[in-house]
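Take a look at the letters that make up each chain.
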There are 2 protein chains.
Amino acid sequence: MQELRERIVADGEVIGRDVLKVDSFLNHQIDPAFIQRMGREIAGRFAGEGVTKVLTVEASGIAVAAAVGLALGVPVVFAKKKQAVTQQGDLYSAEIFSFTRRESVHITVAPKYLRPEDVVLIVDDFLAHGEALSGLVKIVRQSGAKLAGAGIVIEKRFQRGGEALRAEGIRIESLAVIESMKAGVITFG
Amino acid sequence: MQELRERIVADGEVIGRDVLKVDSFLNHQIDPAFIQRMGREIAGRFAGEGVTKVLTVEASGIAVAAAVGLALGVPVVFAKKKQAVTQQGDLYSAEIFSFTRRESVHITVAPKYLRPEDVVLIVDDFLAHGEALSGLVKIVRQSGAKLAGAGIVIEKRFQRGGEALRAEGIRIESLAVIESMKAGVITFG
């Protein structure tokens, strides 16, 4: 998606060898109209797949996932990080390691919101090492639902998180693919 | 907002004396089209206030705030819970206590996304004890921006969080106001 690549170049900040901050339009400040366009683009790539539910994980994925859900006309479920007092009973769950925050997080989804008859499209803001996406795939499998694939805003392919998942046959569509960020220079795939 | 009151009655779960779960359309699963309608309703109530930025806190507030920002044509900033590795430098911050999670959380906003010339509309999903809203008001004051007010989806007025803030002259608009949940029966104001 050309507009996204341009925004990454204009506003993205490369920190060290592998962290990309896009806080101005995605991860801290959101550009709502741009998020809608990205949501429609992801929805379009999975049109005709019979998607009945969009699944993401809090927090940065929520706005994009909501835009995808709006475009497809289906509900959006966001996995919660850590079990709150208001969530009880058996939950689908996975452990994910955040390289950005350097900690493991427990993510959960209540079974009533993912049913075996659902066709699920996973949506997330970043795909790097693939930890969050793998966790969400695990949760879809626990539910018995069918996985249509994953729609990602920015994939940092050099961190290879998509490789193993694609090798398993999971369709992953990324709106921008970064092949390298060497010396602070972003190279798209 | 009549549609919201009906959804709360149909789908809300009252737990104990003061917890209301609306996981089916707001806090775990999102109904994206409904969220858009609520966002437009909040935006309409603050039309003409010259709002330049919507402020919320992750995670449940993000979808509604994005819908408000889309309707007003302004960016949305979400305060982050806890400082991540990718956030550095001086930050506006506040401590908020979550009665639902029974823990204190540190929320932060990077100064570049809230400027003294901004007119800020705070948006959140719930107003109960007022902890999150007070924290966000503090952050707006640290930034020197003007506060237009707060747009809330569900206010549980019996927990009185809005009282002190309204007494300070802050305009709070809530789409549904719950006066009591005694014996599991939801009474609207």
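Residues numbered from 1 in each chain as written. Chains lettered and ligands numbered in written order. Predicted model: local features only at pLDDT ≥ 70, side-chain atom pairs only at ≥ 80, totals over all residues. Heavy atoms only, no water.

**Some thoughts on the overall build of chain A**
Consideration 1: Along its length, chain A carries six helices and 11 strands.
Consideration 2: In summary, chain A has a C-alpha radius of gyration of 16 Å against a globular reference of 16 Å for 189 residues, a match within 12%.
Consideration 3: Sequence-distant contacts, at least 24 apart, represent 60% of the contacts inside chain A between residues at least 6 apart.
Consideration 4: For chain A, the accessible area works out to roughly 7,600 Å², and carbon and sulfur atoms hold 48% of it.
Consideration 5: Counting 24 positive and 23 negative side-chain charges, chain A places the averaged centre of each group 1 Å from the other. (Helix = DSSP H or I, 4+ residues; strand = E, 2+ residues; numbered from the N terminus. Rg over C-alpha atoms; globule rule 2.2 N^0.38 Å. Contact = heavy atoms within 4.5 Å. Areas by Shrake-Rupley, 256 points an atom, 1.4 Å probe, with all protein chains shown as cover. Lys, Arg positive; Asp, Glu negative; His and termini not counted. Charge placed at Lys NZ, Arg CZ, Asp CG, Glu CD.)

**Description of the relation of the copies chain B and chain A**
Consideration 1: Mapping chain B onto chain A leaves a residual RMSD of 0.0 Å; the transformation is a rotation of 180 degrees accompanied by 0.0 Å of translation along its axis. Look at the turn and shift together and you get a two-fold axis relating the two.
Consideration 2: Interface overlap between copies is the fraction of interface residues in one copy that are interface residues in the other; for chain B against chain A it reaches 100%, indicating a shared surface. (Least-squares fit on C-alpha atoms with pLDDT ≥ 70 in both.)

**Overview of unusual backbone geometry**
Consideration 1: Cis geometry is found at the peptide bond from A:E58 to A:A59, where omega equals 5 degrees.
Consideration 2: On the secondary structure map, A:A59 appears in the loop between β4 (53–57) and α4 (62–72).
Consideration 3: Phi at A:A183 takes a positive value of approximately 55 degrees, unusual for a residue other than glycine.
Consideration 4: Note that A:A183 resides in the loop between β10 (172–180) and β11 (187–188).
Consideration 5: Look at B:R160: it is not a glycine, yet its phi comes out positive at around 60 degrees.
Consideration 6: Its location among the elements puts B:R160 in the loop between β9 (146–156) and α6 (161–167).

**Description of the UniProt feature "binding site: xanthine" (unreviewed entry) in chain A**
Residues and elements named next belong to chain A.
Consideration 1: The feature "binding site: xanthine" (unreviewed entry), as given by UniProt, occupies L20, N27 and K156 in the numbering adopted here.
Consideration 2: As for its position among the elements, N27 is in helix α2 (residues 23–27).
Consideration 3: You can see K156 is positioned in strand β9 (residues 146–156).
Consideration 4: Sequence-distant contacts of K156, that is, excluding residues within four places in its chain, are made with D18, V19, L20, F126, L127, A128, I178 and M181. (UniProt positions renumbered as here; feature names shortened; annotations may be inferred.)

**Let's talk about the nonpolar core**
Consideration 1: Core analysis: the largest hydrophobic core is formed by 78 residues, its most contacted members being A:L4, A:L26, A:I154, B:L4, B:L26 and B:I154.
Consideration 2: Each residue touching B:L4, except ones within four places of it in the same chain, is listed here: B:F25, B:F34, B:M38, B:V153, B:I154, B:L175 and B:A176.
Consideration 3: One finds A:V57, A:V105, A:L114 and A:V120 within the second-largest nonpolar core, a separate group that totals 28 residues. (Core = buried A, V, L, I, M, F, W, Y, C linked by side-chain atoms within 4.5 Å. Buried < 20%, exposed > 50% of the residue type's maximum accessible area, 1.4 Å probe, protein only.)

**Brief notes about the pattern of salt bridges**
Consideration 1: Here the structure, examined in full by the defined rule, presents 28 salt bridges over all chains.
Consideration 2: Here A:E173 makes a salt bridge to A:R45, at a shortest N to O gap of 3.1 Å. On the criterion of sequence distance, the pair formed by A:E173 in strand β10 and A:R45 in helix α3 (residues 32–45) is long-range, its members being 128 residues apart.
Consideration 3: B:E155 serves as the salt-bridge partner of B:R166, at 2.9 Å between the closest nitrogen and oxygen. In this pair, B:R166 sits in helix α6 while B:E155 sits in strand β9, placing the two residues 11 residues apart along the sequence.
Consideration 4: B:E155 gets classed as buried once you look at its relative accessible area, which sits at 2%.
Consideration 5: When salt bridges that share partners are traced, they join A:E41, A:R45, A:E49, A:R171 and A:E173 into one network. (Salt bridge = Lys/Arg side-chain N within 4 Å of Asp/Glu carboxyl O.)

**With respect to helix α5 (residues 131–143) of chain B**
Consideration 1: When the terminal C-alpha atoms of α5(B) are compared, their 19 Å separation across 13 residues agrees well with the 18 Å that a helix rising 1.5 Å per residue should span.
Consideration 2: Along α5(B), the residues classified as buried are B:L133, B:G135, B:L136, B:V137, B:I139, B:V140 and B:S143. (Expected span 1.5 Å × (residues − 1).)

**Some remarks on helix α4 (residues 62–72) of chain B**
Consideration 1: Counted residue by residue, α4(B) has eight buried out of 11 residues, so it is predominantly covered.
Consideration 2: Taken together, the buried positions of α4(B) are B:I62, B:A63, B:V64, B:A65, B:A66, B:A67, B:V68 and B:G69.

**Examining empty space enclosed by the protein**
Leftover empty space is mapped by rolling, across the atoms, a probe with the size of a water molecule.
Consideration 1: Under the definition given, this model contains one cavity of 30 Å³ or more.
Consideration 2: Of all the secondary-structure elements, those providing two or more residues to the lining of the largest cavity are α4 of chain A together with α3 (32–45) and α4 of chain B.
Consideration 3: Across the lining of the largest cavity, the residue classes tally to eight nonpolar, two polar and no charged. (1 Å grid on protein atoms, 1.4 Å probe; cavity = no way out; pocket = protein on both sides within 12 Å on 5 of 7 lines; lining within 4 Å. Points joined across faces, edges and corners; volume = space filled by probe spheres on them. Nonpolar A, V, L, I, M, F, W, Y, C, P; charged D, E, K, R; others polar.)

**What to know about the interface of chain B and chain A**
Consideration 1: Facing 45 residues of chain B, the contacting portion of chain A comprises 46 residues.
Consideration 2: Roughly 3,600 Å² is buried in total at the junction of chain B and chain A, and carbon and sulfur atoms are behind 60% of that figure.
Consideration 3: At the junction of chain B and chain A, the tally comes to zero salt bridges.
Consideration 4: Elements represented by at least two residues in the side of chain B that touches chain A include exactly β1 (13–15), β2 (19–21), α2 (23–27), β3 (29–30), α3, α4, β5 (76–81) and β7 (103–109) of chain B. (Buried area = accessible area lost by both parts, 1.4 Å probe.)

**Let's talk about the packing of helix α1 (residues 2–11) of chain B against α3(B)**
All names here are of chain B.
Consideration 1: As a packed pair, α1 and α3 sit with axes 10 Å apart at the nearest point and diverge in direction by 135 degrees. In terms of orientation, α1 lies oblique with respect to α3. α3 is crossed by α1, and the crossing has left-handed handedness. Contact residues: E3, L4 and R7 in α1; F34, R37 and M38 in α3.
Consideration 2: Class assignment of the residues belonging to the contact of α1 with α3 gives a composition of three nonpolar, no polar and three charged. (Axes fitted to C-alpha atoms, helices over the stretch in contact; angles between N-to-C directions. Parallel < 35°, antiparallel > 145°, perpendicular 65-115°, else oblique. Left-handed = near helix turned anticlockwise from the far one by under 90°.)

**As for the packing of aromatic side chains**
Consideration 1: Under the criterion given, the structure shown has two aromatic pairs over all chains.
Consideration 2: A cation over an aromatic ring shows up here: B:R171 above the ring of B:F46, its NZ or CZ 4.2 Å from the ring centre. (Phe/Tyr/Trp six-rings, centres within 6.5 Å; stacked < 30°, edge-to-face > 60°. Lys NZ or Arg CZ within 6 Å of the ring centre and 35° of its normal.)

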